[in-house]
Amino acid sequence: PTFLFAGDYCNCSYAKMERYQISLNAVDLPNASGFFRKSSPYAKVKVVSGSREGTELGTTECVPNSSPDWSKIFFLDFDSSEVTNLEVSIFSKSERGKDYFIGKATFEATTVFQEPGRTASEQIGRRTTSRYALLTL
């Protein structure tokens, strides 16, 4: 699976703050809902370090396929001189009870923003399969 984290840079009026627009997609996610059901994956994005630690940026909509291109846009305002880690967790919506956890990846925002194409990827899940999270800003 591949995760795409995409965005555009905007100037903010705050001192040293930068604003980024973030979008996500995933490719080839596993079917976490079972053999006879189809996954409806969604993603949650949260700041896990830096001055905005604990801030939830939001949750995408559920998309009923293994390669979702989520339309939800997130905005991140942060000081690029400090380390700001983002955690992206992927779940599959369950019709019965608790949603299924697929995997998560952590990305350091400044590093992603400095990459060519503003892209970074991380392996997600517990297995050593080809599951990767890809972020593009």
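Keep in mind that this is a model prediction, so the values were computed, not measured.

Enquirer: Help me understand the overall build of the protein chain, please; the structure alone is not making it clear to me.
Expert: Along its length, the protein chain carries 1 helix and 10 strands. The linear arrangement of helices and strands in the protein chain, starting from the amino end, is β-β-β-β-β-β-β-β-α-β-β. The burial tally for the protein chain puts 42% of its 137 residues in the buried class. The long-range fraction of contacts in the protein chain, counting pairs at least 24 apart against all pairs at least 6 apart in sequence, stands at 55%.

Enquirer: In this structure, what is going on with the sheet that holds strand β7 (residues 85–92)? I would like to understand it.
Expert: Note: strands within a sheet are paired through backbone hydrogen bonds, in either parallel or antiparallel orientation. With respect to topology, 4 strands assemble into an open sheet ordered β5-β4-β7-β8, the strand pairing being antiparallel. The sheet is open, and its two borders are formed by β5 (56–59) and β8 (100–108), each paired with just one other strand. Shown here is a sheet whose adjacent strand axes are inclined to one another by a mean of 15°, direction ignored. Strand direction decides the pairing type here: β7 and β8, joined by 8 bridges, are antiparallel.

Enquirer: In this structure, what is going on with the packing of aromatic side chains? I would like to understand it.
Expert: The geometry of an aromatic ring pair is captured by two quantities: the separation of the ring centres and the angle between the planes. The tally for this structure, following the rule as stated, stands at 3 aromatic pairs. Judged by centre distance (5.8 Å) and plane angle (35°), the ring pair of Tyr20 and Phe78 falls under tilted. Of this pair, Tyr20 sits in strand β3 (residues 17–27) while Phe78 sits in strand β6 (residues 74–79), placing them 58 residues apart in sequence. Its relative accessible area of 5% is what places Tyr20 among the buried residues. For Phe78, a relative accessible area of 2% translates into the label buried. Ring centres 5.5 Å apart and planes at 65° place the aromatic pair Phe91 and Phe101 in the edge-to-face group. Placement of the pair is Phe91 in strand β7 and Phe101 in strand β8, with a sequence separation of 10 residues. Take Phe91: its relative accessible area is 18%, and that puts it in the buried class. Note on Phe101: relative accessible area 38%, which makes it partly exposed.

Enquirer: Looking at this structure, I do not really get the side chain of Glu87. What am I missing?
Expert: Inspection of the secondary structure puts Glu87 in strand β7. Contact partners of Glu87, with chain neighbours within four places excluded, come to Lys44, Val45, Lys46, Val48, Lys104, Ala105 and Thr106.

Enquirer: How should the pattern of salt bridges be read in this particular structure?
Expert: Where charged atoms from two side chains of opposite charge come close, those side chains can pair. If you walk through the whole model with that rule in mind, you get 3 salt bridges. Salt-bridge contacts for Arg19 lead to Asp77; the nearest nitrogen and oxygen are separated by 2.8 Å. Here Asp77 lies in strand β6 and Arg19 lies in strand β3, a separation of 58 residues in the sequence. Here Lys104 ties to Glu87 by a salt bridge, and the two come within 3.6 Å at their closest N and O atoms. In this pair, Lys104 is assigned in strand β8 and Glu87 in strand β7, connecting sequence segments 17 residues apart. On the basis of relative accessible area, Glu87 is assigned to the buried category, the value being 17%.

Enquirer: Help me understand the confidence of the model for the protein chain in this model?
Expert: Do not read the predicted coordinates in detail wherever pLDDT is low. In the predicted model, the protein chain carries a mean pLDDT of 77, and the fraction of residues at 70 or more is 74%. Averaged pLDDT values over the elements of the protein chain bottom out at 50 in strand β10 (residues 132–136) and peak at 95 in β5.

Enquirer: Looking at this model, I keep getting lost on the nonpolar core. Mind explaining?
Expert: The biggest cluster of nonpolar side chains holds 23 residues, and the ones touching the most others in it are Ile22, Leu24, Leu57, Leu76 and Leu86. Secondary-structure elements contributing two or more residues to this core are β3, β4 (41–47), β6, β7, β8 and α1 (109–114). No other element matches the 4 residues that β3 contributes to this core.

About the criteria used
- What you see as residue numbers is a count from 1 along each chain, following the sequence as written.
- For a predicted model such as this one, the threshold for reporting local features is a pLDDT of at least 70, and the threshold for listing and counting side-chain atom pairs is 80 or more; totals across whole chains, interfaces and linings nevertheless cover every residue.
- In computing side-chain properties, one takes all heavy atoms of the structure into account and sets aside hydrogens as well as water.
- Only runs of H or I of at least four residues qualify as helices and only runs of E of at least two qualify as strands under DSSP, and these elements are numbered from the N terminus.
- Throughout, exposure labels follow a simple rule: accessible area from a 1.4 Å probe, protein chains only, divided by the maximum for the residue type, with under 20% read as buried, over 50% as exposed, and the rest as partly exposed.
- Contacts are residue-level and defined by heavy atoms, with any inter-residue pair within 4.5 Å sufficient.
- For two strands to be treated as a pair, DSSP must find at least two bridges joining them.
- Orientation is described by lines fitted to C-alpha atoms, with helices fitted over the stretch in contact, and by angles between N-to-C directions that extend from 0 to 180 degrees.
- Paired rings are identified among Phe, Tyr and Trp, the last through its six-membered ring, by centres lying within 6.5 Å, and are further divided according to the angle between planes into stacked (under 30 degrees), edge-to-face (over 60) and tilted (the rest).
- For this document, the term salt bridge refers to a Lys or Arg side-chain nitrogen within 4 Å of an Asp or Glu carboxyl oxygen.
- How sure the predictor is of each residue is captured by pLDDT, a score from 0 to 100.
- Working definition of a nonpolar core: buried Ala, Val, Leu, Ile, Met, Phe, Trp, Tyr and Cys residues. They are joined through side-chain atoms within 4.5 Å.

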